[in-house]
Amino acid sequence: QAQLVESGGGLAQAGGSLRLSCVASARTYGAYHGWFRQAPGKDREIVAAITWSGSDIFVSDSVKGRFTISRSNAKDTVYLQMNDLKPDDTAIYYCTAQLAGRSHTPTAWTYWGQGTRVTVSS
């Protein structure tokens, strides 16, 4: 059974918006959830992360001011709102959950979704 299931990726034009959703299973309750992305030929990088309560949010400098992470625990869902998209945002986006700690390195995360592709055209 998948612990994290992403949706909402697709094709957008530069300057456009997309919203990614991640439905989390009960195994990730209380976890630190995040979004990573991996562009072709590049390392996987963290985009944003949020605590279970939503009180502590991290957003990487590369997307700050354009992307927003949020969550609805009532819906078991974590969101990534992406505005003012740029071609450099083209990547596969992964929802992740970390059961203990708040590290931002990829190896620290316990669960990964299957990924959703985002393509931004110029």
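To be clear, the structure that these remarks concern was listed above.
No experiment lies behind these values; they were computed from the predicted model shown.

Inspection of the entire model under this criterion finds one disulfide. Note that Cys-22 is cross-linked by a disulfide to Cys-95, the S-S spacing being 2.1 Å. When the S-S torsion is -80 degrees, as for the bridge of Cys-22 with Cys-95, the disulfide is left-handed. Separated by 73 residues along the polypeptide, Cys-22 in strand S3 (residues 18-24) and Cys-95 in strand S9 (residues 91-98) bring together distant segments of the chain. Residues Cys-22 and Cys-95 agree in their burial class; the two are buried.

Moving on, we come to the pattern of salt bridges. Where charged atoms from two side chains of opposite charge come close, those side chains can pair. Taken as a whole, this structure holds six salt bridges when the rule is applied. A salt bridge links Asp-89 to Arg-37, with the shortest nitrogen-to-oxygen separation between them at 2.9 Å. Highlighted residues: Asp-89 in the loop between strand S8 (77-82) and S9 and Arg-37 in strand S4 (residues 32-38), separated in sequence by 52 residues. In this structure Arg-37 comes out as buried when scored by relative accessible area, which is 6%.

Mapped onto the elements of the fold, Ile-92 is located in strand S9. The exposure class assigned to Ile-92 is partly exposed, which follows from its relative accessible area of 22%. Between the C-alpha atoms of Ile-92 and Phe-67, which are 25 residues apart in sequence, the distance is 15 Å. With near-sequence residues (within four places) excluded, Ile-92 lies in contact with Phe-36, Arg-37, Gln-38, Gly-115, Thr-116 and Arg-117.

Looking now at the side chain of His-33. Locating His-33 in the fold gives a position in strand S4. With a relative accessible area of 0%, His-33 lands in the buried category. A polar contact of 3.1 Å, which involves the side chain of His-33, links it to the side chain of Arg-71. For His-33, the residues in contact, after removing those within four places along its chain, are Leu-4, Ala-24, Thr-28, Ala-49, Ile-50, Trp-52, Ile-69, Arg-71, Val-78, Thr-96, Ala-97 and Trp-109.

Thresholds, definitions, all that
Residues numbered from 1 in each chain as written. Predicted model: local features only at pLDDT ≥ 70, side-chain atom pairs only at ≥ 80, totals over all residues. Heavy atoms only, no water. Disulfide = S-S within 2.5 Å. Helix = DSSP H or I, 4+ residues; strand = E, 2+ residues; numbered from the N terminus. Buried < 20%, exposed > 50% of the residue type's maximum accessible area, 1.4 Å probe, protein only. Salt bridge = Lys/Arg side-chain N within 4 Å of Asp/Glu carboxyl O. Contact = heavy atoms within 4.5 Å. Polar contact = N/O pair within 3.5 Å; in protein donor to acceptor, adjacent residues only side chain to side chain.

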